[in-house]
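# Geometric and topological summary
Residue-level listing of the chains:
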Amino acid sequence: MTAGTGGAMPRILTRLLLVLPLAVLVPAALVPAALPFPAAAAGAEQVLRTDRTAPGHLRPPFRAYEPPPPGHGPRLLRTESRAVYKLPQGIDGLAMPDPDLSRLCRRGAFLQKIDGFYWAAAPDRRYGVAFSGGANLIDPQNRRQPGKVYFFRGQDSRCSVWVGDQARLMPNHIGG
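Residues numbered from 1 in each chain as written. Predicted model: local features only at pLDDT ≥ 70, side-chain atom pairs only at ≥ 80, totals over all residues. Heavy atoms only, no water.

### Thoughts on the packing of aromatic side chains
Counted according to the given criterion, the structure contains seven aromatic pairs. Both rings, one in Tyr 85 and one in Phe 131, keep their centres 6.4 Å apart while their planes meet at 40°; by these two values the pair is tilted. Placement of Tyr 85 in strand S1 (residues 82-86) and of Phe 131 in strand S5 (residues 126-131) is noted, with a sequence separation of 46 residues between them. Taking the relative accessible area as the measure of exposure, Tyr 85 reaches 0% and is therefore buried. Accessibility expressed as a relative area gives 13% for Phe 131, which makes it buried. The side chain of Arg 126 reaches across the aromatic face of Trp 119, ending 3.9 Å from its centre. (Phe/Tyr/Trp six-rings, centres within 6.5 Å; stacked < 30°, edge-to-face > 60°. Helix = DSSP H or I, 4+ residues; strand = E, 2+ residues; numbered from the N terminus. Buried < 20%, exposed > 50% of the residue type's maximum accessible area, 1.4 Å probe, protein only. Lys NZ or Arg CZ within 6 Å of the ring centre and 35° of its normal.)

Take a look at the structure:
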C-alpha cells in the first residue's frame, strides 16, 4: 500500500455506500409505477374481491329499512281522544251488555281501532266508544248493527261490550 492510495480508498467506499442505497431504492419505488394499471389492479382484486354472487348486496341489510308493503296506511304517532258522551247516571238503562260481542272482543275479533279514542264519561269509569258506521271499530265478522253505539270496558282478556241505541243516547251526546 502506498501513501497515495490509502486516502483515496476510504473516500471511494464512502461514496459507494452513499450511492448504493439510492441505486437499490429508486428502482424498487419505480417498479409498481412502471407496471401497466390492469396488472396492478389484478393483484388488488385478488385480495379484495368486489363482485358478489347475488344482487342482494344492493339492498339495505335489514328489513326495517324497507318500505311497508302496499295497502298499509301510515301509523298514527299521536292521537287525541275525544269525549263523545257524558253519562251522569252511568251506562245502566242506556246500553245492555252483549255476551257474544264481549267474547269476540276477548278473542280480538270485535275491537276499537284505537282503544279509548272516542270515550264516554260515567261516574264510575270511562268507557271506550265505537260506532256502527265503522268509526273506531274493527269488525271483520260484520257483527255491527245500524244505529247502534258500542261501549268497551277494557280491551284485553277481560273485555266487556255494551250495546246502546244511538237515538236514545243523543241527549247525552257532548260532541267529538
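Now that the structure has been shown, we can carry on.
### With respect to the pairing of strand S8 (residues 160-165)
Bridge count for strand S2 (residues 95-97) against S8 is three bridges, and the pairing is antiparallel. Among the inter-strand pairings, Pro 97 is bridged to a residue of S8, identified as Trp 162. In the sheet, strand S7 (residues 148-153) pairs with S8 via six bridges, with the strands oriented antiparallel. Bridged to Tyr 150 within S8 is Val 163. Linkage of S7 to S8, two consecutive antiparallel strands, is achieved through a turn of six residues, within which Gly 154 is found at a positive phi near 75°. (Pairing = 2+ DSSP bridges.)

### Some points on the nonpolar core
Among the nonpolar cores identified, the biggest contains 17 residues, and Tyr 85, Leu 87, Val 129 and Phe 151 are the most heavily contacted of them. The set of elements that each furnish at least two residues to this core consists of S1, strand S4 (118-121), S5 and S7. (Core = buried A, V, L, I, M, F, W, Y, C linked by side-chain atoms within 4.5 Å.)

### Considering a positive patch on the surface
Together, Arg 103, Arg 106, Arg 107 and Arg 143 line one region of the surface with positive charge. Among the structural elements, Arg 103 can be located in helix H3 (residues 99-107). Look at Arg 103 and you get partly exposed, because its relative accessible area is 38%. (Patch = residues over 30% accessible without salt bridge, like charges linked within 9 Å, V, L, I, M, F, W, Y side chains within 5 Å. Areas by Shrake-Rupley, 256 points an atom, 1.4 Å probe, with all protein chains shown as cover. Salt bridge = Lys/Arg side-chain N within 4 Å of Asp/Glu carboxyl O. Lys, Arg positive; Asp, Glu negative; His and termini not counted. Charge placed at Lys NZ, Arg CZ, Asp CG, Glu CD.)

### Points about the environment of Ile 138
Tracing the sequence through the fold places Ile 138 in strand S6 (residues 137-138). If near-sequence neighbours (up to four positions away) are discounted, Ile 138 is found in contact with Ala 109, Phe 110, Leu 111, Gln 112 and Lys 113. (Contact = heavy atoms within 4.5 Å.)

### Regarding the pattern of salt bridges
Summed over all chains, the structure comprises two salt bridges. Across the salt bridge formed by Arg 125 and Asp 124, the nearest N and O atoms sit 3.6 Å from each other. Residue Arg 125 is classed as partly exposed on the basis of its relative accessible area, which comes to 32%. We classify Asp 124 as exposed; its relative accessible area is 52%. A salt bridge links Asp 156 to Arg 158; its shortest N-O distance comes to 3.2 Å. Judged by its relative accessible area of 34%, Asp 156 falls in the partly exposed class.

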